[in-house]
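# Tertiary structure, described
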Amino acid sequence: MANGQWFPAEWPERIRALAEGVLTPVVPRRAATVMLLKDTDSGPAVHMLRRRASMAFAGGAYAYPGGGVDPRDDDRHVRWAGPTRAWWANRLGVDETAAQAIVCAAVRETYEEAGVLLAGPTPDSVVGDTTGEAWETDRAALVARDLSFAEFLDRRGLVLRSDLLGAWARWITPEFETRRYDTWFFVAVLPEGQRTRNASTEADHTVWIAPGEAATAYDKGELTMMPPTIATLRQLIPCAGAAEALASAPERDLTPVLAQARLEADGIVLSWPGHEEFTKHIPTDLSTGGASP
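The sections below set out a description of the structure shown in this document.

### Side note on the overall build of the chain
For the chain, the helix and strand inventory stands at 8 helices and 14 strands. Taking all 293 residues of the chain together, 52% fall into the buried category. Residue pairs in contact within the chain that sit at least 24 positions apart in sequence constitute 70% of those at least 6 positions apart. Per element, the accessible surface of the chain, about 12800 Å² overall, is 50% carbon and sulfur.

### Quick notes on helix α3 (residues 96-114)
Along its 19 residues, α3 runs 27 Å from first to last C-alpha, staying within 8% of the 27 Å computed at 1.5 Å per residue. For α3, the buried fraction is high: 17 of the 19 residues fall into the buried class. Positioned one or two residues after α3, G115 has a phi angle of 75 degrees, which is positive.

### With respect to the nonpolar core
Nonpolar side chains tend toward joint burial in soluble globular proteins. Counting residues in hydrophobic clusters, the biggest one holds 41 residues, and the most contacted among them are L92, L117, F152, L165 and F186. Elements with a minimum of two residues in this core: β1 (29-40), α2 (85-92), α3, α4 (133-143), α5 (149-156), β8 (165-172) and β9 (181-189). Ranked by residue count, the leading element in this core is α3, at 9 residues. With sequence-adjacent residues up to four places away left out, F152 is seen in contact with Y111, L117, W135, D138, L142, L147 and L158.

### So, α4
W135, D138, R139, A141 and L142 are the residues of α4 that are buried. One side of α4 holds all its buried residues, which, seen down the axis, span an arc of 160 degrees. Here the buried face of α4 lies against α3 and α5. Among the residues trailing α4, R145 stands out with phi positive, at a value near 65 degrees.

### Section: the packing of aromatic side chains
All told, the structure shown has 9 aromatic pairs when counted by the stated rule. Considering the side-chain rings of Y111 and W135, the 6.3 Å spacing of their centres and the 75 degrees angle between planes classify their relative orientation as edge-to-face. Linking Y111 in helix α3 with W135 in helix α4, this pair joins segments that are 24 residues apart in sequence. Both rings, one in Y111 and one in F152, keep their centres 5.5 Å apart while their planes meet at 20 degrees; by these two values the pair is stacked. With a gap of 41 residues between them, Y111 in helix α3 and F152 in helix α5 connect regions that are remote in the sequence.

Reading guide: rules and limits
Note that residues are indexed from 1 along each chain, following the sequence as it is written. Only residues with pLDDT of 70 or above have their local features reported here, since the model is predicted, and side-chain atom pairs are shown and tallied only from 80 upward, although totals for entire chains, interfaces and linings are computed over all residues. Excluded from the side-chain calculation are hydrogens and water; included are all heavy atoms of the structure. By the criteria applied, helices consist of DSSP H or I runs no shorter than four residues and strands consist of E runs no shorter than two, each listed in order from the N terminus. Think of it in three bands: residues with accessible area under 20% of the maximum for their type are buried, residues over 50% are exposed, and the middle band is partly exposed, with areas taken using a 1.4 Å probe on protein chains only. Whether two residues are in contact is decided by their heavy atoms, any of which lying within 4.5 Å being enough. Working definition of accessibility: Shrake-Rupley area with a 1.4 Å probe, residue cover restricted to the visible protein chains. Multiplying one less than the number of residues by 1.5 Å gives the expected span of a helix. Each nonpolar core is a collection of buried residues, namely Ala, Val, Leu, Ile, Met, Phe, Trp, Tyr and Cys, held together in the definition by side-chain atoms within 4.5 Å. Our arc is simply the arc of the directions from the helix axis toward the C-beta atoms. Two aromatic rings, drawn from Phe, Tyr or Trp (for Trp, its six-membered ring), form a pair once their centres lie within 6.5 Å of each other, and the interplanar angle then sorts them: stacked below 30 degrees, edge-to-face above 60, tilted otherwise.

Here it is as C-alpha cells:
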C-alpha cells in the first residue's frame, strides 16, 4: 500500500453482503479515545501507542488510548468539575447520563492505558503522582472491570476534571464491521507533574510524536493507522501548542463520520464522507486484505 492505511481482509466480502441485504449491521458500542498532548521545543506532541502485532484487529497500528464505555458510569453520582453534564450532553449529542459515561470513559482509558489521571482532590487540582502499589491495584481493577470508574473516584475522593477535556471528533465504525464503535475523540493536555507510561496490555510500544511527523510517516507507509487516527492527527497539525488545541475543541464539528460502500461493475468503492484521502477501490476479484488507491 502507498501509505499506512489499514483495513481488515474480510471487508470486501462483508461489504458485498451488506450491499446485497444479507448482512445485518451490528449495533455500535459507545466508546471514547483521547489525544493526549504536551508541548515540546518544536511544538505540540501527541501520545500514541502501537497495538500488538498479535491483535486480531489492527495489529501493529498506531492509535490513542481509548476503549468502550462502562454502563455502570451512566447514572452513579460522580464528583464533577468543569462544564456541566447538560453542557456535555448538548456537545456530544446524547442525554446527560450517556454524556457522563462517555466523559468517564475518556478519563478512565487515559488512566488505564497511559497512567495519566485527569482528576484531583478538588475542582481546581489534579493528582500529582499515580505510581505506587495502591494506584496500580486500582488501575488493574479498572482494567478488569472489577471496579467502575465512578466507584474508583468515590473511593479516592477525587473530582473528575471534565474541563481538561475537549471533544474533537466523532467516528462510527462502518456498518460492515463485526465489531462496531460509536467513538468520541477528545483532546487533553498532559497535567503538570504527571508522566505517561505504557500501561496497556494491548500495546507493545508508546511514543510522543509531533502530529506532522506522524502524518508524514503514515504517508510514507512507515506508520500504520486507521482512518480516524490519521484524520484527527492531520487536524492537530495547525495547532501551535497543546493549550491552543484544547481551547479550539468546542468549535469542532462533531457530526459523525461513517464510511460508505457502493458496488460498481469492477469492484467496491469505499469512502468516508468529508475525508476523500481514504477513498479506496477494492477489485471484485480481491479476496484478501489490500486495496488499490
